[in-house]
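Reading the structure
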Amino acid sequence: PETKTIAFGDGAATLDVISSPSGKIAVLNRGRRGRGFQICGQCGYATTPAKGKRNAKGHPVPGRKGGTCNGMLSNMALGHRFVTDVLEMRPGVRMPRAAALSVLHALVTGAVVLGIPDNDIGGVLRPLGAGKFGLVLYDTVPGGAGHVTSLAGRMDDLFEAALRRVDSCSCGVETSCYGCLRNYRNERVHDDLNRRQAIDFLCTIMGRQAESSP
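As a starting point, this report considers the structure included with it. (Residues numbered from 1 in each chain as written. Predicted model: local features only at pLDDT ≥ 70, side-chain atom pairs only at ≥ 80, totals over all residues. Heavy atoms only, no water.)

**Here's the deal with the side chain of Asn 186**
Turning to its location among the elements, Asn 186 is positioned in the loop between α3 (155-168) and α4 (195-206). At a separation of 2.9 Å, a polar atom in the side chain of Asn 186 contacts the main-chain amide nitrogen of Asn 183. (Helix = DSSP H or I, 4+ residues; strand = E, 2+ residues; numbered from the N terminus. Polar contact = N/O pair within 3.5 Å; in protein donor to acceptor, adjacent residues only side chain to side chain.)

Next comes the structure, spelled out in structure tokens:
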């Protein structure tokens, strides 16, 4: 990975940027409403758990008509890892998770404004401890498509595009919409996305004065 420090405006605010052409992203599926999946370690049978019901023995055996397995079902999340291009930005300041999510998805939106197809880029937070988060952008194409690698050399453009999009949206400044921060992939955190928090952070890191009206 390549690490560099970017200074904005008068240099009062800096950002550590880590670019990796072979980063590893883990994708987890925690099931409906985060309940996970019930999986048998003996036969591989899997199902979604019913609310309020405990694991029970006795279930069909996959691929065997009429077969029954008495193995215990364990609650698990399903996931996989893939290698792709990754760009991590570390502001070095503390912020609530909701604010970090708002900034992250503002940057994803900024990347789309700069011409990266919406389905080709994703974003995730990386907890760094003590209320600090890494803002991670990655190519959704396994192996990488070079999108976030190119952004590493266009940080000023990325932040300008992100700020322009969230600052010009007509939705309530204390919320968000599909015109600024929301998309179908981040539906689970829609209630956390706040345009004001994204604007304030972007202006602070860029040495600007936030002027968006409520």
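**Re the sheet that holds strand β3 (residues 37-40)**
Across the sheet, which stays open at both edges, the three strands sit in the order β4-β3-β7 with antiparallel pairing between neighbours. The open sheet has two edge strands, β4 (46-47) and β7 (73-76), and neither has a second partner. Strand direction decides the pairing type here: β3 and β7, joined by four bridges, are antiparallel. Bridge pairing links Phe 37 to Met 76 in β7. (Pairing = 2+ DSSP bridges.)

**Brief notes about α4**
In a regular helix each residue adds 1.5 Å, so twelve residues correspond to 16 Å; α4 covers 16 Å between its end C-alpha atoms and thus fits that length. Among the residues making up α4, those that are buried are Arg 195, Arg 196, Ala 198, Ile 199, Phe 201, Leu 202, Cys 203, Ile 205 and Met 206. N-capping of α4 is provided by Asn 194, with a side-chain oxygen placed 2.9 Å from the backbone N of Arg 196. Among the residues trailing α4, Gly 207 stands out with phi positive, at a value near 70°. (Expected span 1.5 Å × (residues − 1). Buried < 20%, exposed > 50% of the residue type's maximum accessible area, 1.4 Å probe, protein only.)

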